[in-house]
Amino acid sequence: MEEKNTFHKQVKAIYRLMLGLFGIFGLMVATILYIMADPDLSFFRGSTADTTYVAVSEEDDFDKIENGIHVRTGLVDAEGLMTVVNNCTNCHSARLVIQNRMNKERWISTIRWMQETQNLWDLGKNEDIIVDYLVTNYPPKKKGRREVLTDVDWYVLEE
Ligand code: HEC
């Protein structure tokens, strides 16, 4: 009887020990599973909605067009816009492009000048796209502050 009792106690002790071990093991598994599902423990730091929102909206805003204007550069939204953005705003601001209104020949010679002196790369078939965009959207202004005078009756000043 005595022996049986100690045996019984031992079994109980082992049983408790195993229960404890299983408990710890279970907790570890649960923790690992949780960390796998939520690696930055955001559940304990409140909502992550803000950071997600910022990331998404930044991406959206990057090439946003507003009222026909590419907001980031100020260039007109037209065919060829992104080719111009990708090739013509790397070294200087798009302002420089916008402020210079030229015809086709002068745009091409400006590009050649940059290629010869400013390390502008060979634009390949993008050159046509870019020049078309520039001539269409930034042609020379037809008129200056006033039109050149014509049909003027000049008179000779008397001495
Ligand atoms: C590799 C660099 C680089 C790239 C790319 C580049 N440019 Fe330039 N560009 C320059 C530099 C440098 C100047 C001179 C800036 C200054 O005078 O302050 C310049 C000047 C200009 C000017 C003013 C020229 C003048 O007569 O004052 C215009 C217009 C211009 N670039 C248009 C363009 C266009 C259009 C593109 C796209 C095809 C382009 N740039 C791409 C470097 C570059």
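Shown above is the structure to which this text applies.
Residues numbered from 1 in each chain as written. Predicted model: local features only at pLDDT ≥ 70, side-chain atom pairs only at ≥ 80, totals over all residues. Heavy atoms only, no water.

Concerning the overall build of the chain
Worth spelling out the cut-off: Numbering of helices and strands runs from the N terminus, with a helix taken as a DSSP run of H or I at least four residues long and a strand as a DSSP run of E at least two residues long. Each residue is assigned to one of three classes by its accessible area relative to the maximum for its type, calculated with a 1.4 Å probe on protein chains only: buried under 20%, partly exposed between the two thresholds, exposed over 50%. A contact between two residues is defined here by any heavy atoms of the two lying within 4.5 Å. Here, Shrake-Rupley sampling with a 1.4 Å probe gives the accessible areas, and only protein chains in the shown set may cover a residue.
Per the secondary structure count, the chain includes six helices and three strands. In the chain, the succession of helices and strands from N to C terminus is α-α-β-β-β-α-α-α-α. When the 159 residues of the chain are sorted by exposure, 18% land in the buried category. When contacts within the chain are restricted to residue pairs at least 6 apart in sequence, those whose partners lie at least 24 apart make up 45%. With the model as given, the accessible surface of the chain reaches about 13,600 Å², and the carbon-plus-sulfur share is 59%.

Regarding the nonpolar core
In a soluble, globular protein the nonpolar side chains are often hidden away together inside. Note the cut-off: Think of a nonpolar core as a cluster: buried Ala, Val, Leu, Ile, Met, Phe, Trp, Tyr and Cys residues, connected wherever their side-chain atoms sit within 4.5 Å.
Leu75, Ile111, Ile130, Tyr133, Leu134 and Tyr138 are the most contacted members of the largest nonpolar core, which has 19 residues in total. Apart from the residues lying within four places of it in its own chain, the contact partners of Ile130 are Thr83, Val84, Asn87, Cys88, Ile111 and Leu123.

What to know about the coordination of the iron atom of the ligand
Counted only if it meets this: Metal sites are built from N, O and S donor atoms within 2.8 Å, or 3.2 Å for Na, K and Ca, and they leave out water, so they may look incomplete. Metal sites are grouped by the angles between bound donors: all angles between 85 and 135 degrees with four donors is tetrahedral, opposite donors over 155 degrees apart with the others between 65 and 115 is square planar for four donors and octahedral for six, and any other pattern is irregular.
All of the protein donors around the iron atom of the ligand are His92 (NE2) and Met114 (SD); their distances to the metal are 1.9 to 2.0 Å. One can describe the site at the iron atom of the ligand as octahedral: its six donor atoms subtend angles covering 86 to 179° at the metal. Linking His92 in the loop between helix H3 (81–88) and helix H4 (94–99) with Met114 in helix H5 (residues 104–117), this pair joins segments that are 22 residues apart in sequence. Overall, His92 belongs to the partly exposed group, its relative accessible area being 25%.

Quick word on the site of the ligand
Defined as follows: If a single non-hydrogen atom of a residue is within 4 Å of a molecule or strand, that residue counts as near it. As used in this structure description, the phrase polar contact means that two N or O atoms lie within 3.5 Å; if the pair is within protein, one of them must be able to donate a hydrogen and the other to accept it, and residues adjacent in sequence are counted only when both atoms belong to side chains. Both site types are read off a 1 Å grid over the protein atoms alone. A 1.4 Å probe that fits but cannot get out defines a cavity, while an open set with protein on both sides within 12 Å along at least five of seven lines defines a pocket; lining residues have an atom within 4 Å of a point. More than half of a molecule's atoms within 2 Å of the grid points is what it takes for that molecule to sit in a cavity or pocket. Put simply, Ala, Val, Leu, Ile, Met, Phe, Trp, Tyr, Cys and Pro go in the nonpolar bin, Asp, Glu, Lys and Arg in the charged bin, and everything else, Gly too, in the polar bin.
Not every one of the 19 residues close to the ligand is listed here, only the nearest: Cys88, Cys91, His92, Met114 and Gln118. Separating a nitrogen atom of the ligand from a side-chain N or O atom of His92 is a distance of 2.7 Å. At a threshold of 2 Å from the grid points, most atoms of the ligand map onto the largest pocket. Elements supplying a minimum of two residues to the shell around the ligand: H3, H4, H5 and helix H6 (126–137). With four residues, H5 is the single largest residue contributor to the shell around the ligand. The class makeup of the residues in the shell around the ligand is 13 nonpolar, six polar and no charged.

Things to note about the pattern of salt bridges
The condition is simple: A side-chain nitrogen of Lys or Arg and a carboxyl oxygen of Asp or Glu constitute a salt bridge if their distance falls within 4 Å.
Counting across every chain of the model gives three salt bridges. Residue Asp63 pairs with Arg72 through a salt bridge whose shortest N-O separation is 2.7 Å. We note a salt bridge from Glu127 to Arg112, for which the minimum N-O separation is 2.8 Å. Residue Glu127 is located in helix H6, and its partner Arg112 is located in helix H5; the two are separated by 15 residues in the primary sequence. Residue classification places Glu127 among the buried positions, given a relative accessible area of 11%. A residue is classified by how much of its surface remains accessible, and Arg112, at 33% relative accessible area, is partly exposed.

Points about the sheet that holds strand E3 (residues 75–76)
Selection criterion: Should DSSP find at least two bridges between two strands, the strands are regarded as paired.
What the three strands build is an open sheet, ordered E1-E2-E3; its pairing is antiparallel. Where the open sheet ends on each side, the last strands, each with one partner, are strand E1 (65–66) and E3. Sheet topology places E1 next to strand E2 (residues 69–70); two bridges connect them, and they run antiparallel. Of the residues in E2, the one forming a bridge with Glu66 is Ile69.

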